[in-house]
Structures are given as C-alpha cells and as structure tokens.
Amino acid sequence: MGQDMTSYLDGLLHADFLTYWDYIHLDTLLSLQSPKTPFPDEEIFIMYHQITELYFKLSLHECKQIAEHQNLTAEFFTARVKRINTYFEALTQSFEIMVDGMEKEQFLQFRMSLLPASGFQSGQYRMIEIYASDFINLVAADQREAVRSATIEEQFEHIYWKFGATELSTGKKTLTLNQFEKKYAKTFIELGKQVSNTNFNALLQQLKYKGQSTPALEQQLRRLDVNVNVNWPLSHYKSAVRYLHREPEEIKATGGTNWQKYLPPRFQRRIFYPSLWSVDELEHWGKAWVEKAVSEL
Ligand code: HEM
C-alpha cells in the first residue's frame, strides 16, 4: 500500500490496548435501562424487551444479507434462514422470563406509567415480516383478495395489525397505532416496495424457476413460518394471559386492543408461505399449538 510499516508499529506503542468493555460498548449498553417507577420488576420488563429487540436486529441482519445478495444460492439462503430460526427459538424458549419472572401486582402497577406504549410498536418485528413474505400476505385475511393487485400503499391500509389496534369502546384507531404509524408507516411502505422481488417468498420462487434444489430451504421456511407466526406469538400470548386475565372482565392492554381476540395465531392467521402448507394444515393454523399452550397455563 506504499505505507511505512515501522511508523505504524510506532503508533501501536502509544495506542491503548483494546478492552472487552470498550469493544462491545458495555458501559453504554448497561446504562440503557431507565425505569419509570420504583418497582424493581420494571427493570426485568425493560431488559427483556431490549434483549428481544437485539434478537430482532440479529434476524434483520440476516434478512438484509439474503435480500441484497447478488448471486443468491439455495444453500446460502437456507443457512441464513436457519440462523433466524435459531434466534426465534431462543426467544420463544426464553419468554418464560416474562411469563413467570415478574410479580403480577408490580406489573399491574408499573404498566400504568407506560401508557400508551406497547410492544405492538416494535418496528423491527414488522420489518422482519416484510422481508419474510410478499406484502399481500400481511394484509388482514378477510381483505386480501380485494387488494391482491393493489399498490403497496393501498395494501398497507389493510395490514393485519391495524385491526388489532382499534379502541374497544369507540372503534377508532388507538393512540398506540397513530404514534406507531407516524414513526414507521413510510419506512414500512418503502421497505415493502424495495423487497417486492427480494422478499423470502419471491426469492424462493426465483430459485425454483432457475432449477435449484429447494427442499431444505422449504423446510427452513416452514420452520420460520411456525416460529414467527405461531410459536413466538403463543409464548407472548401466554404472558398476556398471565398478567391481563382477570375474571369476570379482562384487564385493558396498554395499547388498548381487544387482545384476547387479536393476539391468538389461529385468529390472526398470519402465514408467510401458504404454498408450503397443505389445505388441512392451513385450515388448522395455530390451533394445535393454541390448545397445547392454553392447557399448560
Ligand atoms: C408481560 C409481558 C407482556 C405482556 C403482558 C404483553 C401484552 C401485549 C398486548 C396486550 C398486546 C396487544 C397490543 C396492546 O394492546 O398493547 C401486545 C402486542 C405486542 N407485544 Fe407484547 N406483551 C408483553 C411482552 C412483550 C415483549 C417482551 C415483547 C418483545 C418485543 C412484546 C412485543 C409485542 C409485539 C410485537 C406485539 C404486537 C403483536 C401483534 O401485532 O400480533 N411484548 N403485547
């Protein structure tokens, strides 16, 4: 490179040694927990959300590499989807940290200081969905046919999560949803357009068309469908039941949704890869898992 090596070696004499804590910005990371109340369990709630967001970031890191690959092969695609599956499986298993890890009495008090914030507003979670499938598959199931050939902007108006975020009493968009859209709507629509030919579903079809062998890839994509659309939502739903279920009337969620009717996977019927499932499997989407999870409560 035409540089003088001894000058570089001289420089090394004066430079500080790299430390573990500087390398991973540990002090910054550990300074990011700021509870709104004095309840000790609120820190668990904050940290577990942060841990989850880091796993979502790991997943998006892989999504981007798949979508932006210049010469994608089934082998690379399969290996990277497998990584995302591992992340989601770790998250599903660790959700017990939420389910049994906080005192219900503390949770029900500190949550009131967090209104109207909700995990519903996780932008990374929605971006993973946009990378994983054709945008149309994120449209509410009963409106999909009507907007199948519409633009991404129009399809976005019917995205499944909007129907979970309407106020119970008035039927109006919740504040949680309005704030979420203000921050992210443009990003989601742009990403949807950007990956219209490079989302996982589109890429699978292209590889098949090119004659690449895809059974191993299809297996990982089916696993992803179950991890993201059934197993993680169910372990999350278990938390909601544990903290918000109270006879005779459910406790209102911070995001104001009718969460009992909105969250269960068999009601949402979010499916990334309909062509990879049998008619029977599609018909019973999420059902067996729901029954198992509810019987374990
Ligand atoms: C005690 C723990 C938790 C409870 C009780 C809970 C409760 C809820 C409820 C009731 C909703 C429906 C929206 C609303 O009205 O707020 C929701 C949505 C959501 N929460 Fe949580 N949550 C918990 C933990 C978490 C964690 C740790 C994450 C991780 C980021 C998370 C992410 C989400 C996401 C992504 C949604 C949207 C789901 C969808 O649209 O299908 N939640 N949560």
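Look up a bit, the structure's there.
Okay, so let's go over this structure.

Calculation rules
Residues numbered from 1 in each chain as written. Predicted model: local features only at pLDDT ≥ 70, side-chain atom pairs only at ≥ 80, totals over all residues. Heavy atoms only, no water. Buried < 20%, exposed > 50% of the residue type's maximum accessible area, 1.4 Å probe, protein only. Helix = DSSP H or I, 4+ residues; strand = E, 2+ residues; numbered from the N terminus. Contact = heavy atoms within 4.5 Å. Polar contact = N/O pair within 3.5 Å; in protein donor to acceptor, adjacent residues only side chain to side chain. Axes fitted to C-alpha atoms, helices over the stretch in contact; angles between N-to-C directions. Parallel < 35°, antiparallel > 145°, perpendicular 65-115°, else oblique. Left-handed = near helix turned anticlockwise from the far one by under 90°. Near = heavy atom within 4 Å. Nonpolar A, V, L, I, M, F, W, Y, C, P; charged D, E, K, R; others polar. Patch = residues over 30% accessible without salt bridge, like charges linked within 9 Å, V, L, I, M, F, W, Y side chains within 5 Å. Areas by Shrake-Rupley, 256 points an atom, 1.4 Å probe, with all protein chains shown as cover. Salt bridge = Lys/Arg side-chain N within 4 Å of Asp/Glu carboxyl O. Donors = N, O, S within 2.8 Å, 3.2 Å for Na, K, Ca; no water. Phe/Tyr/Trp six-rings, centres within 6.5 Å; stacked < 30°, edge-to-face > 60°.

**A few points about helix 11 (residues 200-209)**
Now for step 1: Buried within helix 11 we find Phe200, Asn201, Ala202, Leu203, Leu204 and Leu207.
Now for step 2: Looking at the buried side of helix 11, the elements it contacts are helix 4 (41-67), helix 5 (74-94), helix 8 (123-132) and helix 12 (215-244).
Now for step 3: N-cap assignment for helix 11: the residue whose side-chain oxygen lies 2.9 Å from the backbone N of Asn201 is Asn199.

**A few points about the packing of helix 11 against helix 12**
Now for step 1: Relative to each other, helix 11 and helix 12 sit at 165 degrees, their axes nearing to 12 Å. Judged by the angle between their axes, helix 11 and helix 12 are roughly antiparallel. Of the two elements, helix 11 crosses helix 12, and the hand of that crossing is left-handed. Of the residues in helix 12, those in contact with Phe200, Leu204, Leu207 and Lys208 of helix 11 are Leu217, Glu218, Leu221 and Leu224.

**Some thoughts on the site of the ligand**
Now for step 1: Looking at the ligand, there are 29 residues lining it, with Ser118, His236, Thr257, Tyr262 and Gln268 nearest.
Now for step 2: The side chain of Ser118 places a nitrogen or oxygen atom 2.7 Å from an oxygen atom of the ligand.
Now for step 3: Those elements that provide at least two residues to the shell around the ligand are helix 4, helix 8, helix 12 and helix 13 (259-262).
Now for step 4: Counted by class, the shell around the ligand contains 16 nonpolar, 11 polar and 2 charged residues.

**Digging into the environment of Glu43**
Now for step 1: By secondary structure assignment, the location of Glu43 is in helix 4.
Now for step 2: Expressed as a C-alpha distance, the spacing of Glu43 and Gln33, which sit 10 residues apart in the sequence, is 6.7 Å.

**Notes on a nonpolar patch on the surface**
Now for step 1: A surface patch of nonpolar side chains, amounting to about 640 Å² of accessible area, comprises Leu18, Tyr20, Trp21, Tyr23 and Ile24.
Now for step 2: Among the secondary structure elements, Leu18 is positioned in the loop between helix 1 (5-14) and helix 2 (20-23).

**Here's the deal with the coordination of the iron atom of the ligand**
Now for step 1: On the protein, His236 (NE2) is the one donor atom to the iron atom of the ligand, at 2.1 Å.
Now for step 2: Within the secondary structure, His236 is located in helix 12.

**Here we look at the packing of aromatic side chains**
Now for step 1: Applying the stated rule across the entire model yields 24 aromatic pairs.
Now for step 2: Relative to Phe107, the ring of Phe45 has its centre 5.5 Å away and its plane inclined at 75 degrees; by these criteria the two rings are edge-to-face. Of this pair, Phe45 sits in helix 4 while Phe107 sits in helix 7 (residues 104-110), and the two are 62 residues apart along the sequence. We note that Phe45, like Phe107, is buried.
Now for step 3: Centroid distance Phe107 to Phe110: 5.4 Å. Interplanar angle 80 degrees. Geometry classified as edge-to-face. Residue Phe107 and its partner Phe110 are both found in helix 7; the two are separated by 3 residues, about one turn of the helix. By the burial criterion, Phe107 is buried, and Phe110 matches it.
Now for step 4: One aromatic cluster is present, formed by Phe120, Phe156, Tyr160, Trp161, Phe180, Tyr184, Phe188 and Tyr262 through successive ring pairs.

**Observations concerning unusual backbone geometry**
Now for step 1: With omega at -5 degrees, the peptide bond leading from Leu115 into Pro116 counts as cis.
Now for step 2: Topologically, Pro116 is positioned in the loop between helix 7 and helix 8.
Now for step 3: Even without glycine at this site, His25 takes up a positive phi of about 50 degrees.
Now for step 4: Within the secondary structure, His25 sits in the loop between helix 2 and helix 3 (26-29).
Now for step 5: Although it is not a glycine, Arg269 adopts a positive phi angle of roughly 50 degrees.
Now for step 6: Tracing the chain through its elements places Arg269 in the loop between helix 14 (265-268) and helix 15 (279-283).
Now for step 7: Given the relative accessible area of 28%, Arg269 is considered partly exposed.

In short, geometric facts, not functional conclusions.
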